[in-house]
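Fold and geometry: a report
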Amino acid sequence: MQFRLFLCSVASVVFGVGFLPGSVSAQAPGVPSAAAALGASPVTYRISFPEPEHRWAQVEVVFPDAGTRPLDVRMSRSSPGRYALHEFGRNVYDVHAFDGRGRPLRFDQPDLHQWTISGHDGTVRVTYRVYGDRVDGTYLGVDTIHAHINMPATLMWARGLENRPVQIAFERPAGTKWSVATQLHPTDDPFTFTAANLQYLMDSPVEFGNFTLRTFNVNPAATIRLAMHHGGTAADVDRFVGDVAKLVREEGAVFGEFPKYDVGYYTFLVDYLPYAEGDGMEHRNSAVVTFTGSFANSGRRPDLLGTIAHEFFHSWNVERIRPRSLEPFNFDEANVSSELWLGEGFTSYYETLMMQRAGLASVEETAVELGRTIDAVVRSPGRLLRSAVDMSRLAPFVDTARWIDRTNWDNLHISYYTWGEALGLGLDLSLRDHTNGRVTLDDYMRAMWRVYGRPAPPAEGLVAAPYTMRDARDRLAEISDRAFADRFFDRYVEGREVVDYAGLLQRVGFVLRRRNAGRAWLGQVRVDYGGSSARLVEPALFGSPIYRAGLDQDDEIVVLDGEAIASPAQLDRVLERHRPGDILPITFVRRGTRTNASLTLEEDPRLEVIPLERTGRPLSDAERSFRAAWLNSRQ
Ligand SMILES: [Zn+2]
């Protein structure tokens, strides 16, 4: 009710009653008067949901003091933390523009993302609808449960007014008791919020609905909030929040302090709903975590907690320790970054490490995860083509980008998450080995934090000292030595070599070994068994036995070694009776043509990591203490 009284004149505009000049610059009691202080009127937004069952939002935005030239109003093509283009303008329709007196204005659309509005009187008001039915970290999701709002997917903005303060109001659908969770600045009105500028506004997702809100404090000083749709019981929530607190504390211990959150607290927006996508998205003072399912029947709980660990680590690494390539975020084009192996990959490494240190993963589970990561990097053909830096720069092509043509990423690409996680592990263990345990990756992250993360930002939504590749190398030299840092960056980060994982893992009491030593292998390829054949449903990996035999995607294996291949069991039977090096006759059908060839089996090259004690040999005291220093809680 307070909300309707406060901005009633703007509310009337939404329903087409009229427009009162000047009403939009009215300040709510208690609204920070950033606009007045800066001498610039705020851009004001109002979002309502007249028909949430039909999955759209009504948006009204007023750009005051817009000068005399035509105003370029834009929808974003990208969203902070998402590296591919998503072309949000495609969900916008029913666009209208008015001047300060309510007169309709003409506009042109010079491209798909822009409305150029001319003939205005210094005030431009735009109304439009935007469709949104995806609950994740990138899009808008409107339904009768909630409005899950990612700003770039929802809000138009004006070129030239990016530094204006912003005021944004949310209107509840009729009959609901929804409330708002966000990192936007609150005001005395529970439905009205502010942001200092466009960068902060776009970085601030909103959960608007009936959610469970929990708050806890940790030392030295941080307040953490969780706004949750969860489908579970109060006990489920207690257990989950308790585990989140463990992760938050462990991560605070890595850096020795928590960031200074712009609003005084950090907020997780958790949507655990049957129809949500699995996603996590970091922001300056909040994160969106979405998953399919509910707390009540969740086998995905470790994934959900892992995502929490990942996104919260980003509140240091990426949100404040930020590469120059992502600063400021570009809403018109994809930001191309060479540093995602560090921003994303090291964050993934810490996700694994924090789950272990917080007691939420066992040593066995950690070994499995690290083994999977090492295996993916060591054996991927992509490593022969591109470095971890090169892979980072491909992010706009692979980060939830969807193409209808076929791609060959399994051969050409290694995820910067995976390679970066392997580099984080490699650097952590190399530092420990090189300094006999005196210096670790935690020291490196603290050095990066001290120089690039901690300095106060010039304005909220920005960082004071974004880093470059050179800076990342120099900070490593500071905490180790120049030769070590140059060798690591030259060979493993900017080069294409892999760290000696087997040797380094040995020192902490783990074994890197072939998962199926001595077993025959024809290549790693997914196969669809369609009755009388086995069809390859993805490109063959470069150099694998099946590739050398001349087979590739869509080819159907009919006979191998004289045996019809129409089931996994038949294929296994052939492999089990042979040794690596054996040459087998193979018959396959390619687009209707039957072909005979020969295939030379190799030893299964896949790798795994296991705790040393599982081999039957107990840990030595040195291995035990090295492992403890690495994996034990800092609490
Ligand atoms: Zn991430």
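Below is a short write-up of the structure. Keep in mind that what you see is a predicted model, and the values were worked out from it rather than measured. (Residues numbered from 1 in each chain as written. Predicted model: local features only at pLDDT ≥ 70, side-chain atom pairs only at ≥ 80, totals over all residues. Heavy atoms only, no water.)

**Let's talk about a nonpolar patch on the surface**
Side chains of Leu384, Leu385, Phe542 and Tyr547 sit close together on the surface and give an oily, nonpolar patch of about 380 Å² of accessible area. Tracing the backbone shows Phe542 in the loop between strand E24 (534-536) and helix H17 (545-548). (Patch = residues over 30% accessible without salt bridge, like charges linked within 9 Å, V, L, I, M, F, W, Y side chains within 5 Å. Areas by Shrake-Rupley, 256 points an atom, 1.4 Å probe, with all protein chains shown as cover. Salt bridge = Lys/Arg side-chain N within 4 Å of Asp/Glu carboxyl O. Helix = DSSP H or I, 4+ residues; strand = E, 2+ residues; numbered from the N terminus.)

**Re the packing of aromatic side chains**
If you walk through the whole model with that rule in mind, you get 35 aromatic pairs. On the basis of an interplanar angle of 65° and a centroid distance of 6.1 Å, the ring pair of Phe170 and Phe193 is categorised as edge-to-face. Separated by 23 residues along the polypeptide, Phe170 in strand E11 (residues 166-170) and Phe193 in strand E14 (residues 192-195) bring together distant segments of the chain. The buried category is assigned to Phe193, whose relative accessible area is 6%. Note on Phe542 and Tyr547: the rings are 5.6 Å apart at their centroids and 65° apart in plane angle, and the pair reads as edge-to-face. Judged by relative accessible area, Phe542 falls into the partly exposed class, the value being 36%. The exposure class of Tyr547 is partly exposed, given its relative accessible area of 36%. (Phe/Tyr/Trp six-rings, centres within 6.5 Å; stacked < 30°, edge-to-face > 60°. Buried < 20%, exposed > 50% of the residue type's maximum accessible area, 1.4 Å probe, protein only.)

**Focus: the sheet that holds strand E2 (residues 56-63)**
If you walk across this open sheet you meet the seven strands as E4-E7-E2-E1-E11-E14-E13, and the pairing is mixed. With partners counted over all chains shown, the strands left at the sheet margins are strand E4 (92-98) and strand E13 (185-186), one partner each. The pairing of E13 with E14 spans two bridges and is classified as antiparallel. When the bridges of E14 are listed, His185 appears paired with Thr194. (Pairing = 2+ DSSP bridges.)

**Overview of the coordination of the zinc ion**
Coordination of the zinc ion by the protein comes from His310 (NE2), His314 (NE2) and Glu344 (OE), over a distance range of 1.9 to 2.1 Å. Within one chain, the residues donating to the zinc ion are spaced in sequence as H-x3-H-x29-E. Across the pair, His314 and His310 agree in class, each one buried. (Donors = N, O, S within 2.8 Å, 3.2 Å for Na, K, Ca; no water.)

**Here's the deal with the sheet that holds strand E10 (residues 157-158)**
Here four strands make up an open sheet; going across it, the order is E5-E6-E3-E10 and the pairing antiparallel. Every interior strand has two partners, whereas the edge strands, strand E5 (107-108) and E10, have only one. In the sheet, strand E3 (residues 71-74) pairs with E10 via two bridges, with the strands oriented antiparallel. Bridging from a neighbouring strand, Arg74 pairs with Trp157 of E10.

**A closer look at helix H14 (residues 469-479)**
Counting buried positions over the eleven residues of H14 gives nine, a clear majority of the element. Restricting attention to buried positions, one finds in H14 the residues Met469, Asp471, Ala472, Arg473, Asp474, Arg475, Leu476, Ala477 and Ile479.

Structural measurements only, silent on function.
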